[in-house]
Amino acid sequence: MTILVIDIGGTKISVATWSEGKIADRAVYPTPASPADFEDCLALLIRNASGINAVAVCATGFTDGAVMYAVNRSMISFWNGYPLRATVEKLTTLPVIIVNDAQAAAWGEYRVQSSDKDLMFVTLSTGVGAGLILDGQLRHGPRGLAGHLGHSRSQVDALDGCQPCSCGQLGCLETVASGAALARQASRELGREVDAAEVHTLATDGNVRMLTLLQNAALAVKTSLLQISATLDLRRILIGGSVGLAPLTIQLIKQAMQQDTPDLFKVDIQPARLGPDAGLIGVGYLFVDRRHVTSQ
Ligand code: BMX
Ligand code: ZN
């Protein structure tokens, strides 16, 4: 079976063809800002695919499998009840699935690892998302919200103080450690526009203020991970996403984990095995493994 797999993020859309857990013809496009441009982009991706048997889409936001909703309402402006499944079904008669991006990536990581029945995948990218596998089942939740760790209160404030989150709460982990949050804090600190990639480059080149910013974000992530792992008794947590896969990020979270953490609560932190393809590979597996998904 060959599946067209699409990963819709807050900043970019990745697309590929999936066959038996391997992807080919990967391409990346910026996420369009308007529904009309977004639908044109989807139409192009689907029209260009040949020899496929299904379309499997994972996307930022939570979903009942048909409609997309935003938790962070500043990320995709029209994601407030957007009928993604119906939109894709207008473009193809093939079977379609729609899943949250981090949940799909968690399933991908689960399918390619060997032993653990429980696994958590955390993406640090435009936002902060996560997916949970418990006892071999992907946890979706009745509303599709499971895994939205990025919207739990961070015990560590951002360098520019406790900030409102676009989900309506204050001081969420996403306001401290997401790519958007790093860019916001660095831009205020340096007095010019800086994106998350530049924060990493500057910190790697010895900029102490940018390194302090990344250390603070890593401490926030570690503190949140400790809480969830103490709650669920997780042994390993996998980190992905464009910010999460930066070598400095993993190194700083590991360092934070070694500091002031009793051995009992230490968690093994590793980069996602599937790297930036975890969502694309995972959503293909989810299509073929649909029986493993719990919705309640
Ligand atoms: C946000 C939320 C999550 C998503 C996470 C990472 C929205 C639109 N998205 O917390 O559903 O998993 O960001 O998303 O509310 P990404 O686009 O940064 O990969
Ligand atoms: Zn929030």
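Going along each chain's sequence as written, the residues are numbered from 1 onward. For this description, chains carry letters from A and ligands carry numbers from 1, given in the order in which they are written. Totals for whole chains, interfaces and linings use every residue, but because this is a predicted model, local features are given only for residues with pLDDT of at least 70 and side-chain atom pairs only at 80 or more, for both listing and counting. Side-chain descriptors were evaluated using all non-hydrogen atoms of the structure, hydrogens and water having been removed beforehand.

Q: Help me understand the environment of Trp 107 in this model?
A: On the secondary structure map, Trp 107 appears in helix α3 (residues 101-112). Buried, partly exposed and exposed residues are distinguished by accessible area as a fraction of the type maximum, computed with a 1.4 Å probe on protein chains only: under 20%, between the cut-offs, and over 50%, respectively. Judged by its relative accessible area of 1%, Trp 107 is buried. With 176 residues separating them in the primary sequence, Trp 107 and Val 283 have C-alpha atoms 7.6 Å apart. Working definition: helices are DSSP H or I runs of at least four residues, strands are E runs of at least two. Numbering for both runs from the N terminus.

Q: Just to check I follow, could you spell out the nonpolar core for this structure?
A: General note: in soluble globular proteins, nonpolar side chains tend to be found buried as a group. Core analysis: the largest hydrophobic core is formed by 38 residues, its most contacted members being Met 120, Val 122, Leu 124, Leu 225, Ile 237 and Ile 239. Those elements giving two or more residues to this core turn out to be β9 (119-124), β10 (128-134), α4 (174-177), α5 (179-190), α6 (196-204), α7 (208-232), β12 (236-240) and α8 (247-258). For this core, the element with the highest residue contribution is α7, accounting for nine residues. It only takes one pair of heavy atoms within 4.5 Å for two residues to be counted as in contact. What Leu 225 contacts, discounting residues up to four positions off in sequence, is Val 122, Leu 149, Ile 237, Ile 239 and Ile 269. Counting residues in each nonpolar core, the second largest holds 28 residues, with Val 99, Ala 104, Leu 119 and Leu 280 among its members. To form a nonpolar core, buried Ala, Val, Leu, Ile, Met, Phe, Trp, Tyr and Cys residues must be joined to one another through side-chain atoms within 4.5 Å.

Q: How do you make sense of the site of ligand 1 when you look at a structure like this?
A: Surrounding ligand 1, one finds 18 residues, the nearest of these being Val 71, Asp 101, Ser 125, His 148 and Glu 174. Any pair of N or O atoms that falls within 3.5 Å is considered a polar contact. Within protein, one atom must be able to donate a hydrogen and the other to accept it, and sequence-neighbouring residues count only if both atoms are side-chain atoms. For ligand 1, an oxygen atom lies 3.2 Å from a polar atom in the side chain of Asn 100. The contact in question runs from an oxygen atom of ligand 1 to an N or O atom on the backbone of Val 128, over 3.2 Å. The class makeup of the residues in the shell around ligand 1 is four nonpolar, 12 polar and two charged. Each domain span listed reflects an automatic or database assignment of domains. Lining the shell around ligand 1 are residues from two domains, each supplying at least three of them: domain 1 (3-104 + 276-295) and domain 2 (116-272). Summary of the distance rule: residues count as near a molecule or strand when at least one heavy atom falls within 4 Å of that molecule or strand. In this classification, the charged set is Asp, Glu, Lys and Arg, the nonpolar set is Ala, Val, Leu, Ile, Met, Phe, Trp, Tyr, Cys and Pro, and all remaining amino acids, among them Gly, are polar.

Q: Honestly, the side chain of Glu 174 in this entry has me stumped. Any pointers?
A: Relative to the elements of secondary structure, Glu 174 occurs in helix α4. When charges are counted, neither His nor the chain ends are considered; positive counts come from Lys and Arg and negative counts from Asp and Glu. Think of a salt bridge as a Lys or Arg side-chain nitrogen and an Asp or Glu carboxyl oxygen that are within 4 Å of each other. At 9.3 Å, Arg 184 is the nearest oppositely charged side chain to Glu 174, a buried residue that forms no salt bridge. Engagement of the side chain of Glu 174 in a polar contact is seen with the side chain of His 151, the distance being 3.2 Å. In this structure Glu 174 touches Asn 72, Met 75, Gly 127, Val 128, Gly 150, His 151 and Ala 181, once residues within four positions along its chain are discounted.

Q: Is there a simple way to think about the coordination of the zinc ion (ligand 2) in this case?
A: Ideal donor angles around a metal are set by the shape: a four-donor tetrahedron calls for 109.5 degrees, a six-donor octahedron for 90 or 180 degrees. Of the protein atoms, only His 151 (ND1), Cys 165 (SG), Cys 167 (SG) and Cys 172 (SG) coordinate the zinc ion (ligand 2), at distances of 2.1 to 2.3 Å. Geometry at the zinc ion (ligand 2) is tetrahedral, judged from its four donor atoms and the angles of 104 to 124° they form at the metal. Written as a sequence motif, the donor residues of the zinc ion (ligand 2) are H-x13-C-x1-C-x4-C. The pair formed by Cys 167 and Cys 172 is uniform in burial state, with each residue classed as buried. Metal donors: N, O and S atoms at distances within 2.8 Å, or within 3.2 Å for Na, K and Ca, with water omitted from the atom set so that some sites may seem incomplete. For four-coordinate sites, all angles between 85 and 135 degrees define a tetrahedron; for four- and six-coordinate sites, opposite donors beyond 155 degrees with the remaining angles between 65 and 115 define square planar and octahedral shapes respectively, and all other cases count as irregular.

Q: Help me understand the domain arrangement of the protein in this model?
A: How big an interface is tends to be expressed through the accessible area that disappears when the partners come together. Each assigned domain of the protein is listed here: domain 1 (3-104 + 276-295) and domain 2 (116-272). Its C-alpha centre places domain 1 at a distance of 24 Å from the equivalent point of domain 2. Tallying the contact residues gives 20 residues for domain 1 and 25 residues for domain 2. Across the domain 1 to domain 2 interface the summed buried area is about 1900 Å²; carbon plus sulfur atoms make up 54%. The interface formed by domain 1 and domain 2 contains zero salt bridges. On inspection of domain 1 and its partner domain 2, the count reaches seven residue pairs in polar contact (both at pLDDT 80 or more). Contributing elements (two or more residues each) for the side of domain 1 that touches domain 2: β5 (62-63), α3, α9 (278-288) and β14 (293-294). Classifying every residue of the side of domain 1 that touches domain 2 gives eight nonpolar, 11 polar and one charged. Accessible-area loss on putting two parts together, using a 1.4 Å probe and summing over both, is the definition of buried area adopted here.

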